[in-house]
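Structure assessment
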Amino acid sequence: MTKNQKTDKLRELKKILIVGSGGRENSIAWALSRNQTIEQIYVCPGNGGTANFEKCICLNPKSEDAKTIIKECQRLQINLVIIGPEVPLAEGMANKMRDAGLTVFGPDKEGAQLEASKGWAKDLMIENNIPTAKYWSAESKEEALEILKRFNQPLVIKADGLAAGKGVTVCETIEQSKEAIKEVFSGKFGSAGKKVILEEKIEGPEVSIFALCDGEKLIVLPPAQDHKRLLEGDNGPNTGGMGAYAPALVINQKDLEDLTELVLQPTLKGLKKKGINYIGIIYAGLMLTSSGPKVIEFNCRFGDPECQALMPLMGEEFASVIFACARGELENAPKLTFNNQCSVCIVAASKGYPESPQKGDKININIDSNSSLQVFHAGTTIDKFDNIITSGGRVLSLVAQGESFEKAFDLAYSNMKKINFDGMHFREDIGYQVRNI
Ligand code: AMP
Ligand code: GLY
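Source: prediction; values computed, not measured. (Residues numbered from 1 in each chain as written. Chains lettered and ligands numbered in written order. Predicted model: local features only at pLDDT ≥ 70, side-chain atom pairs only at ≥ 80, totals over all residues. Heavy atoms only, no water.)

1. Observations regarding the layout of surface pockets
The calculated volume of the second largest pocket comes to roughly 250 Å³. W30, N52, F53, E54 and S369 are, among the 15 residues lining the second largest pocket, the residues nearest its centre. Elements represented by at least two residues in the lining of the second largest pocket include exactly α2 (23–33) and β20 (373–377). For the lining of the second largest pocket, the class distribution of residues is six nonpolar, five polar and four charged. (1 Å grid on protein atoms, 1.4 Å probe; cavity = no way out; pocket = protein on both sides within 12 Å on 5 of 7 lines; lining within 4 Å. Points joined across faces, edges and corners; volume = space filled by probe spheres on them. Helix = DSSP H or I, 4+ residues; strand = E, 2+ residues; numbered from the N terminus. Nonpolar A, V, L, I, M, F, W, Y, C, P; charged D, E, K, R; others polar.)

Below you can see the structure in the form of structure tokens.
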């Protein structure tokens, strides 16, 4: 095929299916819907906000079973599948879809180990000279306790596998590290806790960087900052993320280029060396320490809520770029442009989140999404009377853009008053790093 034919092929993108039900998938659907040539976006299973956006609908039957979704993709003649969350990626949904002839954005099971096994990701980093915190791994409690004793200082304890963001304990004392090791081997995390990673504790501001990969090449997106703790002042338990903003100012364009060379390129090359054709997102969570940037985690998908803050910054060609990645032909994609505004995301969570979120409350939303303010749903559903009801911990995110962070946060926080449900709570200090508060 000639280059022109390949470029024409990208114009054939009409129907997209997104797997997932969170705020991340809702925001991806919204961003893709802005591309004029796209006719329909199915979100499987989607949520109570999916159909609020033009061309977007939830796909029934609501099944997480790859076989059923593949059949639906074939019936609907889907051109592109985007798999949002890590669990189906780690379980090999992309492999099955590719075997069935579908064009998929999201890594195969082998590549998803970048997130699904912290030990595997650490080995990849060491093999490719990617800076990361020192670590040890252990397959039994006794072995882990022995390492802790030898090291004789508090270590960060991480369950090796996927633990829905709950498998990491940053310890202040040796006693806490001991408890965390026992917890990992107690069975609490299921098979994710068969192995433990003990890591040197490092310090510094955190930043997330993202690359869209086509197996060979990559495109870097604006960096973002997440807020993992539940409460203001970065206190309370870790959550999936209570808010985010982009671009993160803690690194500049030159730093981002350096980090691409230091972290993102070697990761993609390292994957290739292992025979992995990595198509999808590489998300690197970094800590900027006094001795240089270090990777604290990799994820194999967009961050949630970072994605909600990033999507409004994507140019209309985003859909074609994702399609080109999925086809392994990034060189034929149009140049991805970014809106140079500041984008912010505040998560509204339900009472009891993260331990035991209250569900079933009616939500009132008196905002219509527009080009500078978006309501992205996550844990919501619609009841038989057409009410929007809470159905999860992180209920929705309010996302705003402005020419400065002050303006974007003012817009977001002033509109937060137009959303309410029983027990709703959100952090007032999202973006404290870039605001005068
Ligand atoms: P993760 O689930 O891997 O994103 O880790 C959750 C949080 O734990 C990170 O966002 C960091 O704030 C913290 N963390 C992880 N690894 C380390 C480390 N080696 N030293 C200090 N903090 C860490
Ligand atoms: N916001 C963190 C994550 O998606 O893992």
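2. Side note on the pattern of salt bridges
For the structure on display, the rule yields 22 salt bridges. The partner of K122 in a salt bridge is E199, with the nearest N and O atoms 3.1 Å apart. A residue pair is termed long-range when its members are at least 10 positions apart, and K122 in helix α7 (residues 118–127) and E199 in strand β9 (residues 196–199) qualify at 77 residues. Judged on exposure class, the residue K122 and its partner E199 are both buried. The salt bridge involving E297 is made with K228; its shortest N-O contact spans 3.6 Å. Of this pair, E297 sits in strand β17 (residues 292–299) while K228 is found in the loop between β12 (225–226) and β13 (229–231), placing the two residues 69 residues apart along the sequence. Overall, K228 belongs to the partly exposed group, its relative accessible area being 30%. Here the salt bridges do not stand alone but share partners, grouping E86, E115 and R301 into one network. (Salt bridge = Lys/Arg side-chain N within 4 Å of Asp/Glu carboxyl O. Buried < 20%, exposed > 50% of the residue type's maximum accessible area, 1.4 Å probe, protein only.)

3. Considering the site of ligand 2
Around ligand 2, the surrounding shell consists of D226, G240, Y283, N299, R301, G303, D304, P305 and E306. At a separation of 3.1 Å, a nitrogen atom of ligand 2 approaches a polar backbone atom of G240. N299 places a polar side-chain atom, nitrogen or oxygen, 3.5 Å from an oxygen atom of ligand 2. For ligand 2, whose free accessible area comes to 200 Å², the fraction covered by protein is 89%. Each residue belonging to the shell around ligand 2 can be placed in one class, and the counts come to two nonpolar, three polar and four charged. (Near = heavy atom within 4 Å. Polar contact = N/O pair within 3.5 Å; in protein donor to acceptor, adjacent residues only side chain to side chain. Areas by Shrake-Rupley, 256 points an atom, 1.4 Å probe, with all protein chains shown as cover.)

4. What about the pairing of strand β2 (residues 40–45)?
In terms of strand pairing, strand β1 (residues 15–20) meets β2 through six bridges, oriented parallel. Paired with L17 across the two strands is Y42, which belongs to β2. As for the winding sense of the linkage, the β-α-β connection from β1 through α2 to β2 is right-handed. Bridging between β2 and strand β3 (residues 56–58) involves three bridges; their strand directions are parallel. Within β3, the position partnered with I41 by the bridge is C56. (Pairing = 2+ DSSP bridges. Right-handed = clockwise from strand over helix to strand, strands pointing away.)

5. Things to note about the packing of aromatic side chains
As enumerated under the stated definition, the model contains nine aromatic pairs in all. For the pair W30 and F376, a centre-to-centre distance of 5.6 Å together with 65° between the ring planes defines the contact as edge-to-face. Here W30 is found in helix α2, whereas its partner F376 is found in strand β20, with 346 residues between them in sequence. Relative to F409, the ring of F405 lies with its centre 6.3 Å away and its plane at 35°, an arrangement referred to as tilted. Placement of both F405 and F409 in helix α13 (residues 405–416) is noted, with a separation of four residues, approximately one turn of the helix. Grouping residues by exposure puts F405 and F409 together as buried. Taken together, the aromatic side chains of Y245, F405, F409, Y413 and F426 make up a single cluster linked through ring pairs. (Phe/Tyr/Trp six-rings, centres within 6.5 Å; stacked < 30°, edge-to-face > 60°.)

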